[in-house]
Amino acid sequence: MDVSEDCLYMNIYVPALDARANNFTVMVYIHGGGFYTKSANLHDGARMSTQGQVIVILLNYRLGMFGFLSTEDNSSPGNYGLWDQIEALKWINANIHYFGGNPSRVTLFGHSAGGYSIGLLLVSKHAYGLFQRAIAMSGLGVNRRAVTHDARDAAFRVARSSGCYNSSEEYNSESLNSTYLVTCLRGKTSQEIMMATKEMRSSYNEYDFIMRPGPVIDHDLLSRSPESLLLDRKSDGFRTFVSVDVMAGTNDEDGWLLRSKLDNMQNTYHFDLDDGVPYVAMCDGVVTDVVRDYYKASSTIASKICQMYKGNSSSIDQGRLTLDMYGDMFYASPTVQTLRAHRLGLKRSGNANQRQTYHFLFTHKPNFPVITSRRKWLNGAQHGDETWFIFRNKNFGYSTEEERLNEEFVRYLTNFAKTGYVLPFCYKIPPLKSIHVDVSNLLLKFMYALRLTICRNPNSETTEIYWPAFDLESERYLEININSTVRQHLYRNRMSFWLEEVVALAQSMTSSSESIHQYLMSISDIFVFLYILVITL
């Protein structure tokens, strides 16, 4: 694939125009790739556009240091890739009617870093009114990886690797001349900056869980942390959050993103990844590094995580639990956290009946080899597998059942984009088994008969498709597979662990460090007072 700085394009797919011209729903896809790689050209939106009778737009945005260089000051605030997305949405709102689209029915959908992007736009005042619905897949703004750490330090390392600073030059981030750094980098070629970025990414720990570069809290596009904005009803970010319908979901084996880390650990911990992962490798190799990057190397939190995901003596069982740990921390728990905040925010703002919230878990293991490194002990959907059931790839050998799953999944997403409901008619008439109602009325009999015809699962003669909205009581979600199933409380105990127990431990760490800091400051004040007292006597 050709790489160019001239990348700010979007691919627009329009159904054949008919009498509904100027009224097509618009679905805008933001691709993943860790804010570092991939492009809109990875997928073809033509089939989805035809299937769902919607306009599908796949947009590009600047990546790597071109999109996310930040010196954490006015010289280079950062988030340029996110600004690209906002500018693209503004263009769509102003011009999509020329393509037959309705600018008042715009839905964002995206995977991984695309999901992170959507999660961050959901809490940005600058995105307010630019879209009406959002579908985030395996990524949201409250994910700990969505916002990078030490962006200023990463910027200096890129500058040093590209020759702006002498490699032996002493570096202190506080004394860094941001203006010089940015001016120097602007004089470098794109290839030089890309090579320097690659060197920067490998200059930290042997395996770094922090995405570098990436979005930052710039006090403009992101006024503060996504978590705080989700809960602050007075913030402009919260206003954006509760103004849209939200659907979010994950894959049951998103944790296979750990593959490269696990591959590199095999010699150190003497195991073969084909046979699973031993407990010591998970605990000492993975958990230690995760806690180093996100919980200030807390031994207490590391111990709790190891205990929570300790399996039996089987390396295969421990391997699956290792992936569960990673997937729960970075994908499942941020999704549940966001959906809970959305329902609670809607309730508190009085919009609970006006906006919808949906949750899904994609679990189908493709019959075609999307990921060649997939191990035999993995039985579910890995990170990115769901995208191939949205954007059909003509080179993959889909089974008949998988073709039906593709049609079903696209129908869910496009119906949601059009109306805010997955199956609008079905929602107005719940399944008989879900409520107690007298159907002696002839009209009701007709409506239920019609529902049985329209709302039937295409893979079964008797099972109905019924995907209830997410609520705070039962937290219902749809497990999407060849035979989709409605379930409640995704990984209930594991979600409680991440969203309650670990949060409490992290908060206690912060409180303790603040108390120690205050204590040391008090001691310092005493010494200063005594010193002044002595010299004045």
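As a reminder, the structure under discussion sits directly above these lines.
Scope of this entry: the structure provided in the associated data block. The structure presented is a predicted model; accordingly, all values stated were derived computationally and were not measured.

### A word on the overall build of the protein chain
At step 1: Along its length, the protein chain carries 17 helices and 9 strands.
At step 2: The buried share of the protein chain, taken over its 537 residues, is 53%.
At step 3: Look at the contacts in the protein chain between residues 6 or more apart in sequence, and 73% of them connect residues 24 or more apart.
At step 4: Total accessible area on the protein chain is roughly 24800 Å²; 50% of this is exposed by carbon and sulfur atoms.

### Things to note about the sheet that holds strand β8 (residues 476-480)
At step 1: The 9 strands lie next to each other as β1-β3-β2-β4-β5-β6-β7-β8-β9, forming an open sheet whose pairing is mixed. Looking at the sheet topology across the chains shown, the edges are occupied by β1 (10-13) and β9 (485-488). Across this sheet, the average inter-strand angle for adjacent strands is 20°, counted without regard to direction.
At step 2: Relative to strand β7 (residues 357-362), strand β6 (residues 245-251) runs parallel, the two being bridged by 6 bridges. Pairing of Ala248 across the sheet is with His359, part of β7.
At step 3: Contacts from helix α13 (residues 315-349) reach β6 and β7, with the element oriented near 165° to β6.
At step 4: Contacts between helix α14 (residues 400-419) and the sheet are confined to β2 (24-30), β4 (101-111), β5 (133-137), β6, β7 and β8, with β5 contributing the most and set at about 145° to the helix.

### Some details on the state of the cysteines
At step 1: Counted by the stated rule, this structure contains 2 disulfides.
At step 2: The disulfide bridge from Cys164 ends at Cys184, spanning 2.0 Å between sulfur atoms. Sign of the S-S torsion, about -95° for the bond between Cys164 and Cys184, identifies this disulfide as left-handed. Linking Cys164 in the loop between α5 (151-161) and α6 (178-186) with Cys184 in helix α6, this pair joins segments that are 20 residues apart in sequence.
At step 3: Each sulfur in the disulfide pair Cys283 and Cys306 lies 1.9 Å from the other. Here the S-S torsion is close to 105°, and the disulfide linking Cys283 with Cys306 is therefore right-handed. You can see Cys283 sitting in helix α11 (residues 279-294) and its partner Cys306 sitting in helix α12 (residues 299-308), a full 23 residues away along the chain.
At step 4: Residue classification places Cys283 among the buried positions, given a relative accessible area of 14%.
At step 5: What makes Cys306 buried here is its relative accessible area of 4%.

The rules behind the values
- Residues numbered from 1 in each chain as written.
- Predicted model: local features only at pLDDT ≥ 70, side-chain atom pairs only at ≥ 80, totals over all residues.
- Heavy atoms only, no water.
- Helix = DSSP H or I, 4+ residues; strand = E, 2+ residues; numbered from the N terminus.
- Buried < 20%, exposed > 50% of the residue type's maximum accessible area, 1.4 Å probe, protein only.
- Contact = heavy atoms within 4.5 Å.
- Areas by Shrake-Rupley, 256 points an atom, 1.4 Å probe, with all protein chains shown as cover.
- Pairing = 2+ DSSP bridges.
- Axes fitted to C-alpha atoms, helices over the stretch in contact; angles between N-to-C directions.
- Disulfide = S-S within 2.5 Å.

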